[in-house]
Amino acid sequence: MRSKTQNYMSTTINLKLILICLAFLFLLFLIQRSNYQSPVPISTSSSNNSSTNDDCPQEEQSQKSTTDCPPIEIPTTVTPPLTCNKISPSLAEAMVHYATSNVTPQQTKKEVSVSLRVLQRKSPCNFLVFGLGLDSLMWTALNHGGRTVFLEEDKSWIDRVTKQLPSLESYYVAYSNTKVTEADELMEVGKREDCKAVLDPRESRCELALKGFPSEVYDIDWDMIMVDGPTGYHDGAPGRMTAIYTAGLMARNREEGETDVFVHNIDRVVEDKFSKAFLCEGYLIEQEGRIGHFTIPSHRARSGRPSCP
């Protein structure tokens, strides 16, 4: 029994030694093979490359060692082709228009910047503007890809502007017979229950609601509304009382989300009082110079929301 155990142990030790030797020889073989098949270095000289290709053709390279012929250059990077993007037609038109005329927009740079910051965040969007002015092409260009619509009270002015700038989308609007001198009376009208109801202006019983717009103006949820018309700087002018009220009603009546409403000439008494009453002082985000910025949320999305916060 003891003799068999010794023989078995001796045989096991011999097998282990044989396996270790075989493993060592196999490892040595792999090392030598990898050294023999080392990769050809990449050349960085394109001028030397062209000459080696002529002196050492590809079919001859297979018959010579790598030391007889210089290495072939392998490109490591690919330069993408340059792309050329055109500027938008509206921007090109605006640049040419303002560069070749003495036109000065009605708003200062700081006032324009108030609306511009919102446009940079929301555009392309739906932008409704009460009034067609010297800065209308600018607003259209800044809202490239969106829809910018202008509502104007003066037919002759529309013809004059659109003849020069046919890309502008403008519609004639009659502001009934309201006048700046009637502002106090209209303010009292706006306090009635009929004027607090949130619905389509076409269905409103409030005398302040404007109903003469093209139907598509009422069907669109406007992301931005700017009240810069109608005329309001003298007593016999229509004033902006109904425009401000209607802008607030359209903002509240949208399906969801919020509308940024801007009122120009808010430094005037009528614009200031009607903006605070119907756009709400609690919704006032910023005032810069003569421009006021209000953000009005949808009242349809949340029933029971008070007219002003």
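Conventions and cut-offs
Residues numbered from 1 in each chain as written. Predicted model: local features only at pLDDT ≥ 70, side-chain atom pairs only at ≥ 80, totals over all residues. Heavy atoms only, no water. Helix = DSSP H or I, 4+ residues; strand = E, 2+ residues; numbered from the N terminus. Contact = heavy atoms within 4.5 Å. Areas by Shrake-Rupley, 256 points an atom, 1.4 Å probe, with all protein chains shown as cover. Buried < 20%, exposed > 50% of the residue type's maximum accessible area, 1.4 Å probe, protein only. Pairing = 2+ DSSP bridges. Disulfide = S-S within 2.5 Å. Salt bridge = Lys/Arg side-chain N within 4 Å of Asp/Glu carboxyl O. Polar contact = N/O pair within 3.5 Å; in protein donor to acceptor, adjacent residues only side chain to side chain. Axes fitted to C-alpha atoms, helices over the stretch in contact; angles between N-to-C directions. Expected span 1.5 Å × (residues − 1). Core = buried A, V, L, I, M, F, W, Y, C linked by side-chain atoms within 4.5 Å.

1. Some thoughts on the overall build of the protein
And step 1. The secondary structure content of the protein amounts to 11 helices and 7 strands.
And step 2. Excluding contacts between residues fewer than 6 apart, the proportion of contacts in the protein whose partners are at least 24 apart in sequence is 66%.
And step 3. Total accessible area on the protein is roughly 19,100 Å²; 54% of this is exposed by carbon and sulfur atoms.

2. Overview of the environment of Asn 265
And step 1. Summarising the element assignment, Asn 265 is placed in the loop between strand 5 (258-264) and helix 11 (269-280).
And step 2. Judged by its relative accessible area of 10%, Asn 265 is buried.
And step 3. Residues Asn 265 and Gly 292, 27 residues apart in the sequence, show an inter-C-alpha distance of 8.3 Å.

3. Let's talk about the pairing of strand 7 (residues 291-297)
On a regular strand, one side chain projects to one face of the sheet and the next to the other, so that they alternate.
And step 1. Counting buried residues along strand 7, 7 of its 7 residues qualify, which places the element largely inside the surrounding structure.
And step 2. Residues Ile 291, His 293, Thr 295 and Pro 297 point to one face of strand 7 and Gly 292, Phe 294 and Ile 296 to the other, with burial holding for every one of them.
And step 3. Alignment of strand 5 against strand 7, held across 7 bridges, turns out to be antiparallel. If you follow Asp 260 over to strand 7, its bridge partner there is Thr 295.
And step 4. In this structure, strand 6 (residues 284-288) lies alongside strand 7, joined through 4 bridges in antiparallel fashion. Looking at strand 7, one finds that Gln 287 is bridged to Gly 292.
And step 5. Hairpin connection between strand 6 and strand 7: a loop of 2 residues separates the two successive antiparallel strands, and Gly 289 in this loop has a positive phi of roughly 60 degrees.

4. Overview of the state of the cysteines
And step 1. Enumeration according to the criterion identifies 2 disulfides in this entry.
And step 2. Between Cys 195 and Cys 206 runs a disulfide, and the two sulfur atoms are separated by 1.9 Å. Handedness here is read from the sign of the S-S torsion; for Cys 195 and Cys 206, about 85 degrees, the answer is right-handed. Taken as a pair, Cys 195 in the loop between helix 8 (183-189) and helix 9 (215-219) and Cys 206 in the loop between helix 8 and helix 9 lie far apart in primary sequence, 11 residues in all. In this structure, Cys 195 and Cys 206 share a single accessibility class: buried.

5. Quick word on the environment of Ser 136
And step 1. Note that Ser 136 resides in helix 6 (residues 136-142).
And step 2. A sequence separation of 30 residues divides Ser 136 from Gln 106, and the C-alpha atoms of the two residues are 10.0 Å apart.
And step 3. For Ser 136, the residues in contact, after removing those within four places along its chain, are Tyr 98, Gly 131, Phe 150 and Leu 168.

6. Focus: the pattern of salt bridges
And step 1. Under the defined criterion, the tally for this structure stands at 16 salt bridges.
And step 2. A salt bridge links Glu 111 to Arg 290, with the nearest nitrogen and oxygen atoms 3.2 Å apart. Of this pair, Glu 111 sits in helix 5 (residues 109-122) while Arg 290 sits in the loop between strand 6 and strand 7, and the two are 179 residues apart along the sequence.
And step 3. Since its relative accessible area comes to 3%, Glu 111 is described here as buried.

7. Details of the side chain of Arg 240
And step 1. One can find Arg 240 in the loop between strand 4 (224-227) and helix 10 (241-252).
And step 2. On the basis of relative accessibility, which here comes to 6%, the residue Arg 240 falls in the buried class.
And step 3. A polar side-chain atom of Arg 240 sits 2.8 Å from the main-chain carbonyl oxygen of Pro 230.
And step 4. Aside from chain neighbours lying at most four places away, what touches Arg 240 is Val 227, Asp 228, Gly 229, Pro 230, His 264, Asn 265, Arg 268 and Glu 271.

8. Points about the sheet that holds strand 1 (residues 126-130)
And step 1. Read across the sheet, 7 strands follow the order 3-2-1-4-5-7-6 without closing on themselves; strand pairing throughout is mixed. Each having just a single partner strand, strand 3 (169-172) and strand 6 make up the two edges of the open sheet. Neighbour-to-neighbour, the strand axes of the sheet open up by a mean angle of 15 degrees, direction not taken into account.
And step 2. Looking at chain direction, strand 1 and strand 4 are connected through 4 bridges and run parallel. For Leu 128, the partnering residue across the bridge sits in strand 4 and is Ile 225.
And step 3. Running over the sheet, helix 5 touches strand 1, strand 4, strand 5, strand 6 and strand 7 and is turned about 165 degrees from strand 5.
And step 4. Sitting on the sheet, helix 11 is in contact with strand 5, strand 6 and strand 7, with an inclination near 170 degrees to strand 5.

9. Points about helix 5
And step 1. With 14 residues, helix 5 extends 20 Å from end C-alpha to end C-alpha; this agrees with the ideal 20 Å at 1.5 Å per step.
And step 2. For helix 5, the complete set of buried residues consists of Glu 111, Val 112, Val 114, Ser 115, Val 118, Leu 119 and Lys 122.

10. Examining the nonpolar core
And step 1. Core analysis: the largest hydrophobic core is formed by 43 residues, its most contacted members being Leu 128, Phe 130, Leu 151 and Phe 274.
And step 2. Here the element with the most residues in this core is helix 10; it accounts for 8 residues.
And step 3. Once residues lying within four places of it in the same chain are set aside, the contact partners of Leu 128 are Val 149, Leu 151, Val 217, Trp 222, Met 224, Ile 225, Met 226 and Met 250.
And step 4. Membership of the second largest hydrophobic core comes to 22 residues, among which are Val 114, Phe 127, Leu 137 and Met 224.

As far as function goes, none of this settles anything; it's purely spatial.
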